[in-house]
Amino acid sequence: MSTFLLLQCISTLVFTAISTPPDDPIKCVSGNSDCTVTNSYGAFPDRSTCRAADVAYPTTEAELISIVAAATKARRKMRVTTRYSHSITKLVCTDGTEGLFISTKFLNHTVRADGEAMTLTVESGVTLRQLIAEAAKVGLALPYAPYWWGLTVGGMMGTGAHGSSLWGKGSAVHDHVTEIRMVSPGSVNDGFAKVRVLSKTTTPNEFNAAKVSLGVLGVISQVTFTLQPMFKRSIRYVMKNDSDFGDQAVTFGKKHEFADFVWLPSQGKVVYRMDDRVPVNTSGNGLFDLLPFRSQLSAALAIIRSSEETQERFRDANGKCVGATLISSTLFASSFGLTNNGIIFTGYPVTGSQNRMMSSGSCLDSLQDGLITACPWDSRIKSEFFHQTTFSVPLTQVKSFITDIKSLVKIERKSLCGLELYYGILMRYVTSSPAYLGKETEALDFDLTYYRAKDPLTPRLYEDFIEEIEQIALFKYNALPHWGKNRNLAFDGVIKKYKNAPAFLKVKESYDPTGLFSTEWTDQILGIKGNATIVKDGCALEGLCICSEDAHCAPTKGYLCRPGKVYKEARVCTRVSGISVIQSVSY
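Definitions and limits used
Residues numbered from 1 in each chain as written. Predicted model: local features only at pLDDT ≥ 70, side-chain atom pairs only at ≥ 80, totals over all residues. Heavy atoms only, no water. UniProt positions renumbered as here; feature names shortened; annotations may be inferred. Helix = DSSP H or I, 4+ residues; strand = E, 2+ residues; numbered from the N terminus. Buried < 20%, exposed > 50% of the residue type's maximum accessible area, 1.4 Å probe, protein only. Contact = heavy atoms within 4.5 Å. Areas by Shrake-Rupley, 256 points an atom, 1.4 Å probe, with all protein chains shown as cover. Axes fitted to C-alpha atoms, helices over the stretch in contact; angles between N-to-C directions. Left-handed = near helix turned anticlockwise from the far one by under 90°. Nonpolar A, V, L, I, M, F, W, Y, C, P; charged D, E, K, R; others polar. Pairing = 2+ DSSP bridges. Salt bridge = Lys/Arg side-chain N within 4 Å of Asp/Glu carboxyl O. Arc of directions from axis to C-beta. Polar contact = N/O pair within 3.5 Å; in protein donor to acceptor, adjacent residues only side chain to side chain. Phe/Tyr/Trp six-rings, centres within 6.5 Å; stacked < 30°, edge-to-face > 60°. Lys NZ or Arg CZ within 6 Å of the ring centre and 35° of its normal. Expected span 1.5 Å × (residues − 1). Core = buried A, V, L, I, M, F, W, Y, C linked by side-chain atoms within 4.5 Å. Disulfide = S-S within 2.5 Å.

An unreviewed UniProt entry annotates the protein chain as L-gulonolactone oxidase originating from Brassica campestris. For the protein chain, the Cofactor (unreviewed entry) comment in UniProt is given as "FAD". Quoted verbatim from the Catalytic activity (unreviewed entry) field of the UniProt record, the comment on the protein chain reads "L-gulono-1,4-lactone + O2 = L-ascorbate + H2O2 + H(+)".

(A) Representation of the overall build of the protein chain within the structure. When helices and strands are counted, the protein chain shows 14 helices and 26 strands. Expressed as a percentage of its 587 residues, the buried residues of the protein chain come to 60%. When contacts within the protein chain are restricted to residue pairs at least 6 apart in sequence, those whose partners lie at least 24 apart make up 72%. Carbon and sulfur atoms make up 54% of the accessible area of the protein chain, which totals about 21700 Å².

(B) The packing of helix 6 (residues 245–255) against helix 10 (residues 398–411), seen in detail. In contact at an axis separation of 8 Å, helix 6 and helix 10 are set at 145° when each is read in the N-to-C sense. Regarding helix 6 and helix 10, the two cross each other, and that crossing is right-handed. Facing helix 6, whose interface residues are F245, G246, D247, A249 and V250, helix 10 presents V398, K399, I402 and K406. Considering only residue class, the contact of helix 6 with helix 10 consists of 5 nonpolar, 1 polar and 3 charged.

(C) Summary view of the sheet that holds strand 14 (residues 260–264). Spatial strand order, 19-13-15-14-22-23-21-24: 8 strands in an open sheet with antiparallel pairing. Taken across any chain shown, the strands that pair with only one partner, and hence form the sheet edges, are strand 19 (350–353) and strand 24 (480–481). In the sheet, strand 22 (residues 425–430) pairs with strand 23 (residues 443–451) via 5 bridges, with the strands oriented antiparallel. Following the sheet pairing, L426 is matched in strand 23 by D447. Across the face of the sheet, helix 6 comes into contact with strand 14, strand 15 (269–278), strand 22 and strand 23 while running at roughly 10° to strand 15.

(D) Spotlight on the pattern of salt bridges. Evaluation of the coordinates by the stated rule reveals 31 salt bridges. Taking the shortest distance from any N to any O, the salt bridge between K90 and D46 comes out at 2.9 Å. In this pair, K90 sits in the loop between strand 4 (78–81) and strand 5 (100–103) while D46 sits in the loop between strand 2 (33–37) and strand 3 (50–56), placing the two residues 44 residues apart along the sequence. The exposure class of K90 is buried, given its relative accessible area of 18%. A salt bridge links E61 to R181; the shortest N-O distance between them is 2.7 Å. Of the two residues, E61 is situated in helix 2 (residues 61–73) and R181 in strand 9 (residues 177–185); the sequence distance between them amounts to 120 residues. For E61, a relative accessible area of 15% corresponds to the buried category.

(E) Molecular detail of helix 6. Taken together, the buried positions of helix 6 are F245, G246, Q248, A249, F252 and G253. The arc enclosing the buried residues of helix 6, seen along the axis, measures out at 160°, which places them on a common side. Along its buried surface, helix 6 packs onto strand 14, strand 15, helix 10, strand 22 and strand 23.

(F) Looking closely at the sheet that holds strand 1 (residues 26–30). Read from one edge to the other, the open sheet built from 5 strands follows the order 1-2-3-5-4, with strand pairing classed as mixed. Edge positions in the sheet fall to strand 1 and strand 4, since each of these pairs with one other strand and no more. Averaged over all adjacent pairs, the angle separating strand axes in this sheet is 40°, with direction ignored. Note that strand 4 and strand 5 share 4 bridges and pair parallel. In the strand pairing of strand 5, R79 is matched with F101. Taken strand by strand, helix 2 contacts strand 3, strand 4 and strand 5, and its axis lies near 170° from that of strand 5.

(G) Broad picture of the side chain of N486. Within the secondary structure, N486 sits in the loop between strand 24 and helix 13 (501–511). Overall, the relative accessible area of 2% leaves N486 in the buried class. A distance of 3.1 Å separates a polar side-chain atom of N486 from the backbone oxygen of H482. Not counting chain neighbours up to four residues away, the residues in contact with N486 comprise P45, I88, T89, Q388, T389, T390, P481 and F491.

(H) Broad picture of the packing of aromatic side chains. Using the criterion set out here, one finds 27 aromatic pairs in the structure. Ring centres 5.1 Å apart and planes at 80° place the aromatic pair W148 and W377 in the edge-to-face group. Of the two residues, W148 sits in the loop between strand 8 (140–141) and helix 4 (153–159) while W377 sits in the loop between strand 20 (373–374) and strand 21 (386–394), which places them 229 residues apart along the sequence. For the residue pair W148 and W377, the accessibility class agrees, reading buried in each case. Through a chain of ring-to-ring contacts, three or more aromatic side chains come together here, namely Y41, W148, F293, W377, F386 and Y422. One residue, K565, lies across the ring of F465, its end atom 4.7 Å from the ring centre.

(I) A look at helix 12 (residues 463–476). When the terminal C-alpha atoms of helix 12 are compared, their 19 Å separation across 14 residues agrees well with the 20 Å that a helix rising 1.5 Å per residue should span. Burial runs high along helix 12: 12 of the 14 residues are buried. Listed as buried for helix 12 are E463, D464, F465, I466, E467, E468, I469, E470, Q471, I472, A473 and L474.

(J) Representation of the nonpolar core within the structure. Counting residues in each nonpolar core, the largest one holds 124 residues, and the members touching the most others are F225, F261, F391, F401 and F446. For F446, the residues in contact, after removing those within four places along its chain, are T389, T390, F391, V393, V398, F401, I402, I425, L426 and M427. Counting residues in each nonpolar core, the second largest holds 15 residues, with A56, A69, A71 and V183 among its members.

(K) Region of interest: the state of the cysteines. Overall, the coordinates contain 7 disulfides when judged by the stated rule. Each sulfur of the disulfide joining C28 and C35 lies 2.1 Å from the other. Because the sign of the S-S torsion sets the handedness, a value of about 100° for the bond joining C28 and C35 places this disulfide among the right-handed ones. Here C28 falls in the partly exposed class, since its relative accessible area comes to 28%. Using a relative accessible area of 1% as the deciding quantity, one classes C35 as buried. The partner cysteine of C50 in its disulfide is C93, sulfur to sulfur 1.9 Å. Taking the sign of the S-S torsion, about 75° here, the bridge from C50 to C93 comes out right-handed. On the criterion of sequence distance, the pair formed by C50 in strand 3 and C93 in the loop between strand 4 and strand 5 is long-range, its members being 43 residues apart. Take C50: its relative accessible area is 4%, and that puts it in the buried class.

Written as structure tokens, this is what we have:
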């Protein structure tokens, strides 16, 4: 096991400049017709297949207007898709089989850069990587952004993507936008499509709705960002024990502008990111090329996945914990991919320009090598396959939430090693946003990534512990789920957590009264019709439901629906010994 993990670590360090680029998420049987779409991981939370009759690839706003107009006239359902389709949730899916996918793959141009006004206008298919590079060309920088640069501008706006900061306007990308051009369905008099130019000063209500839109208002054509003069950052990682982490988590973000954490709860450790802005003339040409986002040998990925499947089959918690310790120590020793000059790491602090330090994703660099190497989650090969549970806990509740997780670890220290195999719990700071579907308050975003079985009816080792953490966050502390991640249960009744939801729905009704950009999924999460949960045998194993009876778990494999260990209101799938003599129970 350790040898295999070491192989992964070595392959990650060595194979950094080559990678087979990700597949196009849209596949069509004939030309651009009879199409399916998936996400970059190859499976949606409910494992459904999303279909449409056609896909359109506009290259200009004029073409986009024409496409939306034709579909509106024909009363066809539409959804927007992106180059890499990174949202885990079903935001790219349209209903039925007769709809239209509108891909922003070729809406990937810079419209204008204004160094004097410090603004940059781009089309919505521009990736974060392009955005960062285009800003740097005119001496400007986006202050905060997600760490993965394979997201598009439209995708980030649609889901509320963010980096980590409590400073300034906060870490959400959409809060650094000054203007949005949106193409929506129109009336006959509009020619069946309407272009709206939205800004804080001219259309504040509509602007705050469009900043996090879930794709239900139309297609974002162009976005104008307000930027800052280029600056440098100085980063240092420090690993400490987590004894006082509850207190530190609340205050650390006020001390360091770009602070974040990687928490390793089974190991009782936290990696603190001490990350600050420094003057642009500070010496240093550092580069952040995050190790988990580098290309990896497909053969090594297959070995790692097979090893993890074996651990699950034989309930080898010790093996997971040994592997987790090796991975976290290797990542820390290699500074998570930081280098002082773009080649080697020579010591802290690492100082470099914002455009070189803020985001990465070198596995997107495209050399067609026949899948000898790939992004670690590429579904064309045997690779990582995981759930992601991501939510923002109000800062005032963070200490209590951390205490609850520690209480679970005390019950079984090995229970969360599976999270640490996926690098630990990433924690990032977010602030309240004027966006109607943005964050409601200062909060800490917890990102949990963990093993997903290829068979949806196969239970996971210690799954009850992660399910309890998920329910503690969502229901005890009223956490907000990330719109683009999470399992279905996180979205049941979620719209009630947003005080400005009625204002958002009013704009939606105005922009798309017949719901051509809406779907069964968006209606469910917006509280318009139906529920996000799917109740059936085994549904709790994949987070499609919260169990209320044993059949929702895996009773034939010894997993029954039971109350939580710390949060008694939770209902989780727990492995119970002596299964043959236990009666099934409904809750």
